Amino acid sequence: MLKLLRPVLRTKINRKFDRFNLPYKVNLHITYSCNSRCKTCFIWEKYRKKPELKDRELKTDQWKRFFENLGDRLYWVSIGGGEPFMRDDLVGIVSSMNTKNLCVLSINTNGQLTEKIYKTMKELLDMIPENVRVFLAVSLLGYEDTHNLVSGKENAFKTSEKTYKKLESLQTKYENLYLERELVVNKYNVNEMHKIAEKLNEEKIPFTLTFSQESDYYDNMGKNVGLSSKERKLVANILKNLRIPRYQRVDIIKEVFKKTAIKFFESGEIPKCYSSWCSVRIDPYGNVHPCIMRNELIGNLVENEMDLEKTMQRSEKLKKIQEEIKKKECSCWTPCEGYQSIVQNLSFL
């Protein structure tokens, strides 16, 4: 993790002096295909409405070229979707990454493809160097009835539990695998949140917190899926009494994230945001966005030889986007953007 120190310091300096900075983290959403039907996220509807869009997803060779252009300037990769394990070439995509300086690879899943997820993760772990921390988060949307309701699938809870238990067997062989549940706090489970977290702690199951929010990425703008002001206050009070165990040193980031979430839900206050400096979001078609919450288009990789640096440096919008972020004209708190901003604001981590 000490490898992160150099890009973290470089990013702090370049942001301060308004200089271009190539992000050291990429949030890759490699597909919008999804086998859940969630009530808080409507990504799964994208290809139902426009099935022709699926053919526009970047192919394996395009991702390979993307990683070749980045070379050893890649430190942190987060892979999501949709459901990333619905792509049959996930191993091929990851195998294209230059792992010389790679510190973290994280993948999110709904856990509904038990055997495929297990097989794919085993292949990935056999291939990835032991010094790369591999985080796999299996989503948890509430107790069984709530989880099934929110996910829109009758047996989703039992399937995700089965997947998690099967994946646990990999931890004995691969010490760099960090398996956890992702507790997605939403208006359907907010009253269960504390008891669920306590149960996870009792069973010594690591978990990370995230919160339902509205954005174009989730295709849920105006669909009233975010937490109400009353629910936000409730979450803040629950978080004050919620224990985040430290199973590894990096878990201190989760504790800071929790404390900052309390401030966010009470007053909207967040730390200095580094989205578009230290990280960007790349959608399945190669569109580069500043983060998962802001939908402005920085540029398209396909139109720029699959080169992230060229895409960003040629952008006419990047400067304006970064000025707005500096002025805190937007406000969110999510692990996809929050974790690296915590690292930037607390660089000693």
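Undergrad: Would you explain the layout of surface pockets in this entry?
TA: Take a probe with the size of a water molecule and roll it over the atoms, and the empty space left behind shows itself. Considering only enclosed or pocket space, the second largest pocket measures out at about 230 Å³ in volume. Along its surface, the second largest pocket is lined by 14 residues, and F157, E161, K199, L200 and E203 are the ones closest to its centre. The set of elements that each furnish at least two residues to the lining of the second largest pocket consists of α7 (156-171) and α8 (193-202). Ranked by residue count, the leading element in the lining of the second largest pocket is α7, at 5 residues. Tallied by class, the residues present in the lining of the second largest pocket amount to 7 nonpolar, 1 polar and 6 charged.

Undergrad: Sorry, what's going on with the packing of helix α1 (residues 5-16) against helix α13 (residues 335-345) here?
TA: It is at 9 Å that the axes of α1 and α13 come closest, and there the two elements cross at 80°. Viewed along their axes, α1 and α13 adopt a mutual orientation that is roughly perpendicular. Residue-level inspection shows P7, V8, T11 and K12 of α1 in contact with α13, the latter providing V343, Q344 and N345. By residue class, the composition of the contact of α1 with α13 is 3 nonpolar, 3 polar and 1 charged.

Undergrad: In this structure, what is going on with the pattern of salt bridges? I would like to understand it.
TA: As a working rule, side chains carrying opposite charge can pair if their charged atoms are close by. Counted according to the given criterion, the structure contains 24 salt bridges. One salt bridge connects E296 with R294, and the closest N-O pair in it is separated by 2.5 Å. Close ionic contact of E324 with R294 constitutes a salt bridge, the shortest N to O distance being 2.4 Å. Placement of E324 in helix α12 (residues 318-326) and of R294 in the loop between β8 (287-289) and β9 (299-300) is noted, with a sequence separation of 30 residues between them. With a relative accessible area of 15%, E324 lands in the buried category. In this structure R294 comes out as buried when scored by relative accessible area, which is 10%. Taken together, the shared-partner salt bridges in this structure form one network comprising R294, E296, K320 and E324.

Undergrad: How should the sheet that holds strand β2 (residues 76-80) be read in this particular structure?
TA: The strands making up a sheet associate through backbone hydrogen bonding, with each pair oriented either parallel or antiparallel. Strand order in the open sheet made by the 9 strands is β6-β5-β4-β3-β2-β1-β7-β8-β9, with mixed pairing throughout. Edge positions in the sheet fall to β6 (207-211) and β9, since each has one partner strand and no second. One ladder, built from 4 bridges, connects β2 with strand β3 (residues 104-109); its direction is parallel. Of the residues in β3, the one forming a bridge with S78 is S106. Strand contacts of helix α5 (residues 114-127): β3, β4 (133-140) and β5 (177-185), with the helix running at about 165° to β4, the strand carrying the most contacts. Seen against the sheet, α7 touches β4 and β5 and runs at an angle of roughly 155° to β5.

Undergrad: So what exactly am I meant to see when it comes to the pairing of strand β7 (residues 279-282) here?
TA: Where a strand is regular, its side chains alternate between the two sheet faces. The alternating pattern of β7 places S279 and R281 on one face and V280 and I282 on the opposite face, and all of these are buried. The pairing of strand β1 (residues 25-29) with β7 spans 4 bridges and is parallel. Bridge pairing links N27 to R281 in β7. Across 2 bridges, the pairing between β7 and β8 is antiparallel. For R281, the partnering residue across the bridge sits in β8 and is H289.

Undergrad: Where do I start with the packing of helix α6 (residues 144-151) against α7 in this structure?
TA: For any two helices packed against each other, the geometry comes down to the angle between their axes and how far apart the axes lie. Where α6 contacts α7, the axes come no closer than 7 Å and their chain directions differ by 105°. Between α6 and α7, the crossing angle belongs to the class labelled roughly perpendicular. Taken together, the residues of α7 that come into contact with α6 (itself represented by E144, H147, N148 and S151) are A156, F157, K158 and S160. Tallied by class, the residues present in the contact of α6 with α7 amount to 2 nonpolar, 4 polar and 2 charged.

Undergrad: Help me understand the state of the cysteines in this model?
TA: For the structure shown, the criterion picks out 0 disulfides. No disulfide involves C38; its nearest neighbouring cysteine sulfur is the one of C41, lying 6.1 Å away. For the unlinked cysteine C103, the closest cysteine sulfur is that of C278, found at 13 Å.

Undergrad: In this structure, what is going on with the packing of aromatic side chains? I would like to understand it.
TA: Two descriptors summarise a pair of aromatic rings, namely the distance from one centre to the other and the angle between the planes of the rings. In this structure the tally under the stated criterion is 13 aromatic pairs. Between Y32 and Y217, the ring centres sit 6.5 Å apart and the planes meet at 40°, which makes this aromatic pair tilted. Taken as a pair, Y32 in the loop between β1 and α2 (46-49) and Y217 in the loop between β6 and α9 (229-240) lie far apart in primary sequence, 185 residues in all. What makes Y32 buried here is its relative accessible area of 5%. Ring plane angle 80° and centroid distance 4.8 Å describe the contact between F211 and F265, whose orientation is recorded as edge-to-face. A residue pair is termed long-range when its members are at least 10 positions apart, and F211 in strand β6 and F265 in helix α10 (residues 252-267) qualify at 54 residues. Taking the relative accessible area as the measure of exposure, F265 reaches 7% and is therefore buried.

Calculation criteria
Residues numbered from 1 in each chain as written. Predicted model: local features only at pLDDT ≥ 70, side-chain atom pairs only at ≥ 80, totals over all residues. Heavy atoms only, no water. 1 Å grid on protein atoms, 1.4 Å probe; cavity = no way out; pocket = protein on both sides within 12 Å on 5 of 7 lines; lining within 4 Å. Points joined across faces, edges and corners; volume = space filled by probe spheres on them. Helix = DSSP H or I, 4+ residues; strand = E, 2+ residues; numbered from the N terminus. Nonpolar A, V, L, I, M, F, W, Y, C, P; charged D, E, K, R; others polar. Axes fitted to C-alpha atoms, helices over the stretch in contact; angles between N-to-C directions. Parallel < 35°, antiparallel > 145°, perpendicular 65-115°, else oblique. Contact = heavy atoms within 4.5 Å. Salt bridge = Lys/Arg side-chain N within 4 Å of Asp/Glu carboxyl O. Buried < 20%, exposed > 50% of the residue type's maximum accessible area, 1.4 Å probe, protein only. Pairing = 2+ DSSP bridges. Disulfide = S-S within 2.5 Å. Phe/Tyr/Trp six-rings, centres within 6.5 Å; stacked < 30°, edge-to-face > 60°.

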